[in-house]
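Tertiary structure, described
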Amino acid sequence: MSNNISTLKTGDRIEGFYILKAAYPKTTVNGKPFLSMTIADCSGEIEGVVWDYAGPIGAADIGKVVKIRGNISEYRGTLQVTAEQIRLATDDDPLDISALVPVAPVDRDKMMDEVVELLHSIEDSDYKAICLELLNRHEEEFEKIPAAKSVHHGFLSGLLMHTGNMMKLADFLANQYADTINRSLLLAGTFAHDLQKEREFTFSQLGLVTEYSTRGKLLGHLVMGAQEIAEIADELDVPEEKSVLLQHMVLSHHGQTEFGAAVVPQCAESELLSCIDMIDSRMEIYREEFADMKTGEFSDRIFALDGKRVYKHD
């Protein structure tokens with residue numbers, strides 16, 4: 001019996017746990033209820049149907065985990081699962097989260113240790129104090145949430161991977177341009193730049209981003225990040241200029257206002273942070289795109305890469 005969606009074929013039996021991606025209660029021409037659905041795991045998704053089914057599972061359960069038992073057939077040239085049984089997963093079920101949703105391809109504990117080590121290496125005591133308080137407030141969610149809904153790092157621990165990669169790059173570039181860059185400010189801004197995505201998004205049962213929160217829509221993670229820095233700096237009696245500079249790092253890290261920046265970068269560290277953010281996000285888009293491509297192929301147009309196609313060479 002095969003349970004991995006990417007390996008399913010006509011005639012297979014299926015029994016396992018999947019994410020309910022879509023659910024549409026419907027009625028046949030004979031008036032009998034049925035459920036049309038899409039289920040998914042980390043390898044892909046498949047359409048499905050549950051005949052003679054009037055609930056309780058429906059549209060309100062999208063994003064939740066269901067247990068399915070049924071058969072794989074072909075309908076109009078596409079694989080389809082016909083479920084004999086369907087129910088919501090319970091807390092007692094043995095769920096393997098990594099089989100259901102994508103997880104960052106990094107050693108989470110090692111990456112977290114590297115981030116903490118870099119924070120403790122910040123020489124300026126004020127910037128270090130702000131960062132350690134931010135870490136204290138956000139550590140649990142910082143380790144596990146995605147960095148985005150899609151586009152890049154949209155998987156569990158994506159924010160940790162994205163921020164960790166950026167901090168290591170920031171550390172290298174701060175030394176490369178030591179006569180221009182304040183390393184403490186750059187590292188502090190890099191760590192703080194996306195922390196408020198914890199409050200910008202709402203999350204599914206399994207931790208993936210489902211939507212923007214009300215605060216996320218009305219304020220966004222840049223403004224909320226600057227607000228929290230100002231609050232902490234005030235509590236710690238940090239000089240106003242340092243507080244303002246660190247707020248500026250967060251507010252300007254998208255680089256240009258048309259890309260969501262509240263203000264454009266106006267100091268060397270904020271300029272460099274916006275470049276580092278762009279480098280890591282764009283390289284991750286390439287990595288994710290290449291995973292589904294064969295050598296010698298061009299991709300479809302990628303909106304997040306300015307609408308261009310990319311080429312995977314040997």
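What comes next concerns the included structure. Since this is a predicted model, take the numbers as computed values, not measurements.

**Section: the overall build of the protein chain**
Looking only at helices and strands, the protein chain features 10 helices and 7 strands. The C-alpha extent of the protein chain, read off along each of the three principal axes, is 75 × 45 × 35 Å. In the protein chain, which comprises 314 residues, the share counted as buried stands at 47%. Sequence separation of 24 or more characterises 56% of the internal contacts of the protein chain that already satisfy a separation of 6 or more. Only carbon and sulfur atoms are counted for the fraction: they give 49% of the accessible area of the protein chain, which is about 16,300 Å².

**Observations concerning the pairing of strand β4 (residues 65-75)**
Here 7 bridges tie strand β1 (residues 13-27) to β4, and the two strands are oriented antiparallel to one another. In the strand pairing of β4, Ile14 is matched with Gly70. Examined bridge by bridge, β4 and strand β5 (residues 78-88) share 10 bridges and lie antiparallel to one another. Counterpart to Ile68 in the pairing with β5 is Ile86.

**Re the packing of aromatic side chains**
According to the stated counting rule, one finds 6 aromatic pairs in the structure shown. Each ring, one from Phe34 and one from Trp51, has its centre 5.0 Å from the other, and the planes form 40°; the classification is tilted. On the criterion of sequence distance, the pair formed by Phe34 in strand β2 (residues 33-41) and Trp51 in strand β3 (residues 44-51) is long-range, its members being 17 residues apart. Residue classification places Trp51 among the partly exposed residues on the basis of a relative accessible area of 48%. Over the aromatic face of Tyr127 sits the side chain of Lys242, whose NZ or CZ is 5.8 Å from the ring centroid.

**Remarks on the packing of helix α2 (residues 108-120) against helix α4 (residues 158-176)**
Two elements in contact, α2 and α4, have axes separated by 10 Å at closest approach and are oriented at 45°. Relative to α4, the element α2 lies oblique. The two elements α2 and α4 cross, and the hand of that crossing is left-handed. Facing Arg108, Met111, Met112, Glu114, Val115, Leu118 and Leu119 of α2, the residues of α4 in contact are Leu160, Met161, Gly164, Asn165, Met167, Lys168 and Asp171.

**Focus: the pairing of β5**
Pairing analysis gives 3 bridges linking β3 to β5, with the strands arranged parallel. Residue pairing for β5: Glu47 is matched across the bridge by Gln80. The antiparallel hairpin formed by β4 and β5 contains 2 residues in its connecting segment, where Arg76 sits at a positive phi of about 55°.

**Side note on the side chain of Arg183**
Summarising the element assignment, Arg183 is placed in helix α5 (residues 183-192). Looking at Arg183, its side chain comes within polar contact range of the side chain of Asp171, at 2.9 Å. Not counting residues up to four positions away in its chain, the partners in contact with Arg183 are Leu118, Ser121, Ile122, Asp171, Ala174 and Asn175.

**Some words on the nonpolar core**
A general tendency of soluble globular proteins is for nonpolar side chains to be buried together. Counting residues in hydrophobic clusters, the biggest one holds 40 residues, and the most contacted among them are Leu119, Phe142, Leu186, Phe191 and Leu246. Elements represented by at least two residues in this core include exactly α2, α3 (125-144), α4, α5, α8 (220-235), α9 (240-252) and α10 (268-290). Ranked by size, the runner-up nonpolar core spans 19 residues in total, among them Ile5, Leu20, Ile46 and Ala83.

**Focus on the environment of His162**
Counting through the fold element by element, His162 comes out in helix α4. On the basis of relative accessible area, His162 is assigned to the buried category, the value being 0%. Sequence separation of His162 and Ala23 is 139 residues, and the distance between their C-alpha atoms is 33 Å. Ignoring sequence-local partners within four residues, the contact set of His162 consists of Ala147, His152, His153, His193, Asp194, Asp277, Asp280 and Ser281.

**What about a negative patch on the surface?**
The grouping of Asp107, Asp109, Asp113 and Glu117 at the surface amounts to a negative patch. Mapped onto the fold, Asp113 is located in helix α2. Using a relative accessible area of 54% as the deciding quantity, one classes Asp113 as exposed.

**Points about the side chain of Asp93**
Structurally, Asp93 is set in the loop between β5 and α1 (97-100). For Asp93, a relative accessible area of 15% puts it in the buried group. Within the local environment of Asp93, its side chain forms a polar contact with the side chain of Arg87, the two groups lying 3.0 Å apart. With residues up to four places along the chain from it excluded, the contact list for Asp93 reads Phe17, Arg87 and Leu88.

**Describing α5**
Burial runs high along α5: 10 of the 10 residues are buried. The N-cap residue of α5 is Asn182: its side-chain oxygen and the backbone nitrogen of Ser184 are 3.0 Å apart.

The rules we used
- Residues numbered from 1 in each chain as written.
- Predicted model: local features only at pLDDT ≥ 70, side-chain atom pairs only at ≥ 80, totals over all residues.
- Heavy atoms only, no water.
- Helix = DSSP H or I, 4+ residues; strand = E, 2+ residues; numbered from the N terminus.
- Buried < 20%, exposed > 50% of the residue type's maximum accessible area, 1.4 Å probe, protein only.
- Contact = heavy atoms within 4.5 Å.
- Areas by Shrake-Rupley, 256 points an atom, 1.4 Å probe, with all protein chains shown as cover.
- Pairing = 2+ DSSP bridges.
- Phe/Tyr/Trp six-rings, centres within 6.5 Å; stacked < 30°, edge-to-face > 60°.
- Lys NZ or Arg CZ within 6 Å of the ring centre and 35° of its normal.
- Axes fitted to C-alpha atoms, helices over the stretch in contact; angles between N-to-C directions.
- Parallel < 35°, antiparallel > 145°, perpendicular 65-115°, else oblique.
- Left-handed = near helix turned anticlockwise from the far one by under 90°.
- Polar contact = N/O pair within 3.5 Å; in protein donor to acceptor, adjacent residues only side chain to side chain.
- Core = buried A, V, L, I, M, F, W, Y, C linked by side-chain atoms within 4.5 Å.
- Patch = residues over 30% accessible without salt bridge, like charges linked within 9 Å, V, L, I, M, F, W, Y side chains within 5 Å.
- Salt bridge = Lys/Arg side-chain N within 4 Å of Asp/Glu carboxyl O.
- Lys, Arg positive; Asp, Glu negative; His and termini not counted.
- Charge placed at Lys NZ, Arg CZ, Asp CG, Glu CD.

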